[in-house]
Amino acid sequence: MRRITFVFAILFCSLCAKINAQGITLKPKKPTASEIYEDIKKLNFLGTVLYVAAHPDDENTTAISYFANTVKARTAYLSLTRGDGGQNIIGPELRELLGVIRTQELLAARATDGGEQRFTRANDFGYSKHPDETLAIWNKDEVLSDVVWAIRTFKPDVIINRFDHRSPGSTHGHHTSSAMLSVEAFDLVNDPTKYADQLQYTDTWQPTRQFFNTSWWFYGGREAFAKADKSNLVKVDVGTYYPGYGLSNTEISSLSRSQHKSQGFGNTGTRGTSDTYFELLRGTMPTNNDVFEGIDTSWGRVKGSATVATLLKSVEANFDQAHPAKSIPELVKAYTELQKLDDQHWKTIKSKEIKNLIAACSGLYLEAVANTPTATTGEEVTIKLEGINRSPIGMTIQHVTLPTGKKVTVSSELKNNIGYKGEGTLSITNDIASTNAYWLENPGTLGMYRVDDRKLIGKPETPRVNTASFEIMISGVSITFEKPIVYKYNDRVKGEVYQYFEIVPEASASIADKVLIFSNADAKKIPVTVTAHKDALSGTLSLDIPSNWTVSPKNVTITIAKKGEQQIIDFIVTPPSQQSEGVITPKIKIGATTYDKELVTIDYSHIPLQSLFLPAQAKVVRLDIQRKGDYIGYIQGAGDAVPQNLEQIGYQVAIIKPEEITKERLAQFDAVVVGIRAYNVIDELQSKQPTLLEYVKEGGTMIVQYNTSGRWASTKTGPPYPMKLSRDRVTDEYSDVKILAKDHPLMNFPNKITQKDFEGWTQERGLYFPNEWSDEYTPILSMQDKGETPKDGSLLVAPYGEGHYIYTGLSFFRELPAGVSGAYRIFANMLSLGKEKTQKIKG
């Protein structure tokens, strides 16, 4: 069966939503005179700081902002991971998709506090209790090489670790590992025999000092820290007030930290003196609380730069905020002199800074806008060009070079406030660079992303090399300004909206449900959606299936007339009679090329819309599963895909909004499930708890998934009987599970639960287990990580009135989307609890 739907308008609007946060920086920057002056001061400071930790939100944004804005140092945060293994309180995205969100949140944070962002290839595989486990899963040598690479390419004078390398096992294993790798790398980066393959792209380097950013927290409390010996600590007041910004450093820091919205890290700004401490690990102890003491941070460190130094000091001393353009002649001279230097590192950095300042001082506005948001090989795209000089300084656009090397000859004088507009044609060839997330291009391992191009390792995003290069003559000097090719449109509410111009494949395919559960041997209809990313798409679609499954038809001809249209093809997939798992993949063949990616979009207001092309796969599971009950109410919490997963095994799931929690509404359901961290993020549940417990008392089954202890403790009337949440968790997904209550219906009806049901779990067993509970609760399972005491609070059940109350910290929000068979069977048993009585009566 074929269904053709025209969805260009929907896809177009979705792609065009790429704005906010990093997306706003696509607009040519228009700094104020005070901001220009702050950037001029940075020209004359040649010191660098690298801050090192494990995850997004680990960084001390106050310290990063202080070094970037007070000291004027080039400052970067090296986050070893993208935070892929964390939780998400704003939506259902987990693992790699969460890593994409948190990458963008870090970029928004750095855009706020003035720092830069770097990464390694390490994948955040979830909570780890010891660095031994962390470094084994990560592949220590590869991550260490990435840290060495980051230091050699960024060339910091000072390295600051967020965590203590001397305390393995006392905190998250990723945290300690980040510090351990940083300390080890400090001693390797200047050795040409270590990771010698890197030296074809960069040089060895030796930082001068390394610190641990300590605080009272690492001493166990403020009182203990007050009494501690601080002779080896550098004390810095990071509470600077910036009149040019109208903000204190601590206020900027709070704005930066508040970008980590997926983790619920909204932060309120403070003002006034604020002390931060750095413990010396390597190098000599500063005598004046200056981490750069004894390090030449002037132009004196760059051979032959005396003329550049003199010019830039003059620019700083004579800057006229009312007439910034007066600085342009000396900036152009400094740029010219800078090109004569041998030091490629500082020449590259400062050339970029000077060019940005020339543009800012002159009000130079340059833009290259594509007439379409996306393009694929074979298309021709019109690029509209614009330039305007809003200063009395003479300028001429000589030509503009597009990504293929094609030059658009302009030869247009840019007189004061009189703009140039033109256009060029860009033919999309295979040489035009992909814009897809580079670290997701190839499958990696549990602990590592695979990146084959050494020069890409560490970059926060795929570099936007599809640029238009404007060659402009200024004061007799030809200077090239590169601008990313963008797409923009006007929104009636937002106004001018910018997004990146994306290079996409000819077509993509997708299966809506990423896990397909077959609870018996009956066939299912699986719709596959094909989207054309060019006009006149023609090809064939097939569906790859596991060897013991069958599919009909084998292949289908697809013909789509217009770019943006979709065609939906229904395949009939039949599972084997016995239990089986596998992956199905739609494949589109166009000519000699086969496409097997789907377009995945992530759209939140605080980050740019993310358009990713990822493997178009779905997991199929032939599962021996029984269930009782049909209609389930689901109260969503921080965001998960559990409702969709329960529909896969035949349940009808209704989302219950907080205001809909009434006795009459709840009475409709066979069971009510509360989503992850619901009590942490939904204030209304505080007052709705009595109604929920009344539902249980009158015979209902209520399942509460994990919460953290925060607001849980203040929930009115709490659970029906006392329990105390803890930070207990079992992170080893392979850990042994002991069934404590073997005869309990939860382990026997309607599915007999055995050890086999705990095989194939992903990332962890569970988290935030209760560690204290009253006698009314029955602990069902016991589990533990290696070397720890058993944890019996992962699944607790208590009768309450005529019904049942279940609390579970098991990670169903991870296991069900991953298609873990045993997790489905256990969840079906929880939903069926109490129904065994009905079964006996009917029998």
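What counts and how
- Residues numbered from 1 in each chain as written.
- Predicted model: local features only at pLDDT ≥ 70, side-chain atom pairs only at ≥ 80, totals over all residues.
- Heavy atoms only, no water.
- Helix = DSSP H or I, 4+ residues; strand = E, 2+ residues; numbered from the N terminus.
- Rg over C-alpha atoms; globule rule 2.2 N^0.38 Å.
- Buried < 20%, exposed > 50% of the residue type's maximum accessible area, 1.4 Å probe, protein only.
- Contact = heavy atoms within 4.5 Å.
- Areas by Shrake-Rupley, 256 points an atom, 1.4 Å probe, with all protein chains shown as cover.
- Pairing = 2+ DSSP bridges.
- Axes fitted to C-alpha atoms, helices over the stretch in contact; angles between N-to-C directions.
- Polar contact = N/O pair within 3.5 Å; in protein donor to acceptor, adjacent residues only side chain to side chain.
- Salt bridge = Lys/Arg side-chain N within 4 Å of Asp/Glu carboxyl O.
- Core = buried A, V, L, I, M, F, W, Y, C linked by side-chain atoms within 4.5 Å.
- Phe/Tyr/Trp six-rings, centres within 6.5 Å; stacked < 30°, edge-to-face > 60°.
- Lys NZ or Arg CZ within 6 Å of the ring centre and 35° of its normal.

A. Representation of the overall build of the protein in the model. The number of helices and strands found in the protein is 20 helices and 44 strands. Whereas a compact globule of 843 residues would reach a radius of gyration of roughly 28 Å, the protein reaches 30 Å, a difference of no more than 12%. For the protein, the spread of C-alpha atoms along the three principal axes comes to 95 × 75 × 55 Å. Within the span of the protein, comprising 843 residues, buried residues form 57% of the whole. Taking the intrachain contacts of the protein between residues at least 6 apart in sequence as the baseline, contacts between residues at least 24 apart amount to 74%. Entry remark: accessible area of the protein is about 34,300 Å², with carbon and sulfur atoms responsible for 48%.

B. Region of the structure containing the sheet that holds strand β44 (residues 803-808). On the basis of which strands lie adjacent, the open sheet formed by seven strands has the order β35-β34-β36-β37-β44-β43-β41 and mixed pairing. At either margin of the open sheet sits one strand with a lone partner, and together these are β35 (652-655) and β41 (778-779). Of the strand pairs in this sheet, strand β37 (residues 701-704) and β44 are connected by four bridges, and their pairing is parallel. What sits directly across from T701, in β44, is H804. Helix α16 (residues 685-697) contacts β34 (631-635), β36 (671-674), β37, β43 (795-800) and β44 of the sheet and is inclined by roughly 130° relative to β44. Against the sheet, helix α19 (residues 821-832) makes contact with β34, β36, β37, β43 and β44, and its axis sits at roughly 140° relative to β37, the strand it touches most.

C. Region of interest: the pairing of strand β31 (residues 597-602). Only one face of β31 is covered, namely the one carrying E598, V600 and I602; the face carrying K597, L599 and T601 has none of its residues buried. The pairing of β31 with strand β32 (residues 610-615) spans six bridges and is classified as antiparallel. Bridging across to β32, K597 finds its partner in P615.

D. Fine view of the environment of T662. Its place among the elements puts T662 in the loop between β35 and α14 (663-666). Along the primary structure T662 and K688 are separated by 26 residues, whereas in three dimensions their C-alpha atoms are 8.2 Å apart. A distance of 3.1 Å separates a polar side-chain atom of T662 from the backbone nitrogen of R665.

E. Region of the structure containing helix α2 (residues 33-43). Taken residue by residue, α2 has S34, I36, E38, I40, K42 and L43 as its buried positions. Residues of α2 that are buried sit in contact with α3 (61-70), α10 (306-317), α11 (328-338) and α12 (344-362).

F. Region of interest: the pattern of salt bridges. As enumerated under the stated definition, the model contains 38 salt bridges in all. Its salt-bridge partner being K235, residue D275 comes within 3.5 Å of it at the nearest N-O pair. Taken together, the residues span a long stretch of sequence, with D275 in strand β10 (residues 275-282) and K235 in strand β7 (residues 233-237) at a distance of 40 residues. Residues participating in the shared-partner salt-bridge network are K129, D785, E788 and K791.

G. Focus on the nonpolar core. Membership of the largest hydrophobic core comes to 77 residues, with the highest contact counts inside it found for L692, L781, L795, Y805, F827 and L831. Ranked by residue count, the leading element in this core is α19, at seven residues. Beyond its immediate sequence surroundings of up to four residues, L781 is in contact with V737, K738, I739, L740, M747, F758, K791, D792, S794, L795 and L810. I36, I40, V381 and F470 belong to the second largest nonpolar core, which has 58 residues in total.

H. Representation of the packing of aromatic side chains. Applying the stated criterion across every chain, the model contains 23 aromatic pairs. Aromatic side chains Y66 and F67 sit 5.3 Å apart centroid to centroid with 75° between the ring planes, which places their arrangement in the edge-to-face category. Of the two residues, Y66 and F67, both sit in the buried class. When the centroid spacing of 5.6 Å and the interplanar angle of 70° are considered together, the rings of Y242 and Y245 count as edge-to-face. Classification of Y245 as partly exposed rests on a relative accessible area of 27%. The aromatic ring of W439 is capped on one face by R82, whose charged end is 3.5 Å from the ring centroid. Here R464 stacks its cationic end above the ring of Y500, 3.8 Å away from the centre of that ring.

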